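# Understanding the architecture of this molecule
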Amino acid sequence: QVQLVESGGGLVQAGGSLRLACAASGRTISTNVMGWFRQAPGKEREFVAGISRRGSATRYADSVRGRFTISRDNAKNTVYLQMFSLKPEDTAVYYCAASSLDVFVNTQAGRYDYWGQGTQVTVSS
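These notes cover the structure that comes with them. From a predicted model like this one, the values you see are computed outputs, not experimental measurements.

### Side note on the environment of Gln 108
Mapped onto the fold, Gln 108 is located in the loop between β9 (92–99) and β10 (114–115). The class for Gln 108 is partly exposed, based on a relative accessible area of 48%. Separated by 47 residues in the primary sequence, Gln 108 and Ala 61 place their C-alpha atoms 12 Å from one another.

### A short note on the state of the cysteines
Counted according to the given criterion, the structure contains one disulfide. Here Cys 22 connects covalently by a disulfide to Cys 96, the sulfurs 2.0 Å from one another. As the torsion about the S-S bond is roughly -75°, the Cys 22-Cys 96 disulfide counts as left-handed. Of this pair, Cys 22 sits in strand β3 (residues 18–25) while Cys 96 sits in strand β9, and the two are 74 residues apart along the sequence. Pair check on accessibility: Cys 22 and Cys 96 agree, each one buried.

### Regarding the nonpolar core
In this structure, Leu 4, Met 34, Trp 36, Leu 81, Met 83 and Tyr 94 are the most contacted members of the largest nonpolar core, which totals 30 residues. Those elements that place two or more of their residues in this core are β3, β4 (33–39), β5 (46–51), β7 (68–73), β8 (78–83), β9 and β11 (119–124). With six residues, the next largest nonpolar core counts Val 33, Phe 47, Val 105 and Tyr 112 among its residues.

Rules used throughout
- Residues numbered from 1 in each chain as written.
- Predicted model: local features only at pLDDT ≥ 70, side-chain atom pairs only at ≥ 80, totals over all residues.
- Heavy atoms only, no water.
- Helix = DSSP H or I, 4+ residues; strand = E, 2+ residues; numbered from the N terminus.
- Buried < 20%, exposed > 50% of the residue type's maximum accessible area, 1.4 Å probe, protein only.
- Disulfide = S-S within 2.5 Å.
- Core = buried A, V, L, I, M, F, W, Y, C linked by side-chain atoms within 4.5 Å.

Here it is in structure tokens:
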């Protein structure tokens, strides 16, 4: 079992930056593809970014490409999401997820079998 705990969320003005962290415990996540998803009120959970097991490959939603960067430190069992140029439409609960099912990054939430509890990101205009 893997436990995931997100941190780093908060309130920021449009144009600002935040760095989210996802700390894993229970076992190493070096064998897991990792992803970040988000869910805004009244909307479905959507893929934001994903990273391969060794960090050599990343994938982003079109809405965040060029503004967000996903990275991982397997020695620290932690995944990060650096967010720049935040917009009000980025407001959501952000979730970290781990997949033991795939080798490549998948954008489908159903392919991730471990989830954190989420951290709120609010971007004011």
